[in-house]
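A look at the structure
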Amino acid sequence: MLVDRRRFVQVAALALLAMASAVSRPESARAQSTPSADEIIRQMKAALEPPRPSLRKMDLTFDDRGTITKLQLAQARKRFPDGDRTLTVMLGPEGARGIAYLTMSPANGPAVEYLYVPVVRRIRKLVPAENYQSFLDTDFSYADLGMLPLETTNELLGTEVIDGRKAYKVQSIPTSVIQTWYYARTVTWIDAETLLPMRREFYSPAGEVFKVETFGSVSKVDGVPTPLQIRMQTLASNTSSTLDVTAIDYDVELPDELFDPEKLRFASEHEAFKKPLEKAPGAS
């Protein structure tokens, strides 16, 4: 009888251990299910910049306290063996037509940018400070139109509910070079389901929010969740600029020559920008 009792106690203890393990395992799994801040930022970049080549046309509206200026842009994106490239060209108004801005983002290392302005008829490689100058006096900088940088130190601040959706709140501190000329850190709210950004706040070296970027009108285009509106607001000047995607196609044939820095002077007249595109959902 004593042996049977000992066996009973051993079996009962094993059963309790198994139950405790079963109870604790889901919590451990839940803890592991939340990605790190670095992984969230990498996934956000992948969601914003899918590898499929794309072509889009956009309207850029600058609101200077009630004075409205409208610009027309086109943008081509393509993945090369050595990294991603984004070409933005001005199509209108006539005075700005032909301006071309090229971002070349290697798989590892900082991006390299080139700018062509028809008035001066010269292609320039931008130095880091110029990347954060205003793009045609709007609230967007040149860097805001290019690829999302990954040279940041990231920290997950938690999760919040934004517009009824769970969002990761991530703080990113850029390299000291960027801090010198533009912002000291950003805080971004990222949709936990789509991994697309919803809101980003830019902080000055003094610790104050000076610009706020919001992403809206997300629709699936060729199966890719795509933000069709990006708004940048500068708080001190009370100005705002809005990028509306009016037409977009994925998986388009884009020749490599379109992304050649030496050919930026001809970029706006390239046949790629003359082809009709699918109207973006909701575009008028």
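Located above this text is the structure these notes cover.
Residues numbered from 1 in each chain as written. Predicted model: local features only at pLDDT ≥ 70, side-chain atom pairs only at ≥ 80, totals over all residues. Heavy atoms only, no water.

Moving on to the side chain of R56. Inspection of the secondary structure puts R56 in strand β1 (residues 54-64). Among buried Asp, Glu, Lys and Arg side chains, R56 stands out as unpaired, with D222 the closest opposite charge at 9.4 Å. Among the polar contacts listed, one links the side chain of R56 to the side chain of S54, at a separation of 3.1 Å. Those residues in contact with R56 that lie beyond four places of it in its chain are L73, A74, Q75, R77, T226, V245, A247, I248, Y250 and L277. (Helix = DSSP H or I, 4+ residues; strand = E, 2+ residues; numbered from the N terminus. Buried < 20%, exposed > 50% of the residue type's maximum accessible area, 1.4 Å probe, protein only. Lys, Arg positive; Asp, Glu negative; His and termini not counted. Salt bridge = Lys/Arg side-chain N within 4 Å of Asp/Glu carboxyl O. Polar contact = N/O pair within 3.5 Å; in protein donor to acceptor, adjacent residues only side chain to side chain. Contact = heavy atoms within 4.5 Å.)

The next thing to look at is the layout of surface pockets. The computed volume of the second largest pocket comes to approximately 210 Å³. Taken together, 14 residues make up the lining of the second largest pocket; nearest its centre are D163, P197, M198, F215 and V218. Mapped by element, the contributors of at least two residues to the lining of the second largest pocket are β10 (197-203) and β11 (209-221). Grouping the amino acids of the lining of the second largest pocket by side-chain chemistry returns six nonpolar, four polar and four charged. (1 Å grid on protein atoms, 1.4 Å probe; cavity = no way out; pocket = protein on both sides within 12 Å on 5 of 7 lines; lining within 4 Å. Points joined across faces, edges and corners; volume = space filled by probe spheres on them. Nonpolar A, V, L, I, M, F, W, Y, C, P; charged D, E, K, R; others polar.)

Next up on the list: the nonpolar core. One finds L60, L73, M90 and F135 to be the most contacted residues of the largest nonpolar core, which totals 29 residues. The set of elements that each furnish at least two residues to this core consists of β1, β2 (67-80), β11, β12 (224-234) and β13 (239-250). The dominant element in this core, judged by the number of residues it contributes, is β13, at four residues. Beyond its immediate chain neighbours, meaning those up to four positions away, L73 contacts R56, K57, M58, L60, T88, V89, M90, L91 and F135. (Core = buried A, V, L, I, M, F, W, Y, C linked by side-chain atoms within 4.5 Å.)

With that settled, consider the packing of aromatic side chains. Following the criterion strictly, the structure yields five aromatic pairs and no others. Ring geometry for F80 and F259: centres 5.6 Å apart, planes at 75°, overall edge-to-face. Separated by 179 residues along the polypeptide, F80 in strand β2 and F259 in the segment after β13 bring together distant segments of the chain. No difference in accessibility class separates F80 from F259, as the two residues are buried. Look at Y183 and F202: their rings are 5.4 Å apart centre to centre, the planes differ by 75°, and that puts the pair in the edge-to-face class. Of this pair, Y183 sits in the loop between α3 (176-181) and β9 (185-191) while F202 sits in strand β10; the two residues are 19 residues apart in sequence, bridging distant segments of the chain. Of the two residues, Y183 and F202, both sit in the buried class. Clustering of aromatic rings is evident, with ring pairs tying together Y101, F135 and Y142. Over the ring of W189 we find R199; its NZ or CZ atom is 6.0 Å from the centre of that ring. (Phe/Tyr/Trp six-rings, centres within 6.5 Å; stacked < 30°, edge-to-face > 60°. Lys NZ or Arg CZ within 6 Å of the ring centre and 35° of its normal.)

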